[in-house]
Amino acid sequence: MAASSSTHTHLSHTTFLSPRITPSLSHPCSLKLPTLHLPTFKTLSSSPLPPQPQTLTLRRATAAATAPSTTTSFHGLCYVVGDNIDTDQIIPAEYLTLVPSNPDEYAKLGSYALIGLPASYPTRFIDLSETKTKYSIVIAGENFGCGSSREHAPVALGAAGAAAVVAESYARIFFRNSVATGEVYPLESEVRICEECRTGDVVTIELGESRLINHTTGKEYSLKPIGDAGPVIEAGGIFAYARKTGMIPSQTA
């Protein structure tokens, strides 16, 4: 009797632990799963559906989304530099503790723009007694803005009062930071304008016609079109452009 009881216990235990209880198609399993009662959700008819997500790209806004461009030209004195002007020369690292979102520190950051240029540039971009530059256009050679990827570089130029840089070529990160911050227009020249212009020349940039006019020498130069980056810079940077075109909600007061 003890042996029978032991055998019965063993068989029951084995059946309970069996991992392969597979019902056949002709004899369905007698086990019934509990019925799940999912909650129902009431649609709020008074709340509009959220807008479909959009990829944030540098694309020209449609006529309905943006107003016509108001920035058509820049006019003023130019400041001429050469090739490979890096971000340490544009704004040295010791001034990177300044916070551009603070108005006072933004102005102070601008007062140090291009202070890192070597002594071979006898004319200062900003006079010692001033916080703003009298040169609204910077003309440069190749690879302007090379070096570290600090956003402070275009911000410092814009805070100083520069409206545009015309260079033969740019470091990619400086070009992108200029567009993203909306501080200066990074325009590219077709030829080495930096060898034909001098600091203090009076120049005009016409964005619509993609040209630079040197009124001091009487020469004109073709520029590469700014293209889709133009509306982003004019709006004040990538986030301002996204709000303007409805990509992200506008800031409320």
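Structure shown above.
The shown structure was predicted, so the numbers you read here are calculated from the model rather than taken from an experiment.

Peer 1: Looking at this structure, I do not really get the pattern of salt bridges. What am I missing?
Peer 2: Pairing between side chains of opposite charge can happen when the charged atoms of each approach one another. For the structure shown, the criterion picks out 8 salt bridges. A salt bridge links Arg-192 to Glu-195, with the shortest nitrogen-to-oxygen separation between them at 2.8 Å. Classification of Glu-195 by relative accessible area gives exposed; the value is 51%. Note that Lys-219 is salt-bridged to Glu-196, the shortest N-O span being 3.5 Å. A residue pair is termed long-range when its members are at least 10 positions apart, and Lys-219 in strand β7 (residues 219-224) and Glu-196 in the loop between β4 (185-189) and β5 (202-206) qualify at 23 residues. Each of the salt bridges in this network shares a partner with another, and the network as a whole consists of Asp-83, Glu-168, Arg-192 and Glu-195.

Peer 1: Where do I start with the pairing of strand β1 (residues 73-80) in this structure?
Peer 2: Each regular strand displays side chains that alternate between the two surfaces of the sheet. In the sheet, β1 pairs with β5 via 5 bridges, with the strands oriented antiparallel. When the sheet's bridge partners are listed, Gly-76 is paired in β5 with Val-203.

Criteria and cut-off values
- Residues numbered from 1 in each chain as written.
- Predicted model: local features only at pLDDT ≥ 70, side-chain atom pairs only at ≥ 80, totals over all residues.
- Heavy atoms only, no water.
- Salt bridge = Lys/Arg side-chain N within 4 Å of Asp/Glu carboxyl O.
- Buried < 20%, exposed > 50% of the residue type's maximum accessible area, 1.4 Å probe, protein only.
- Helix = DSSP H or I, 4+ residues; strand = E, 2+ residues; numbered from the N terminus.
- Pairing = 2+ DSSP bridges.

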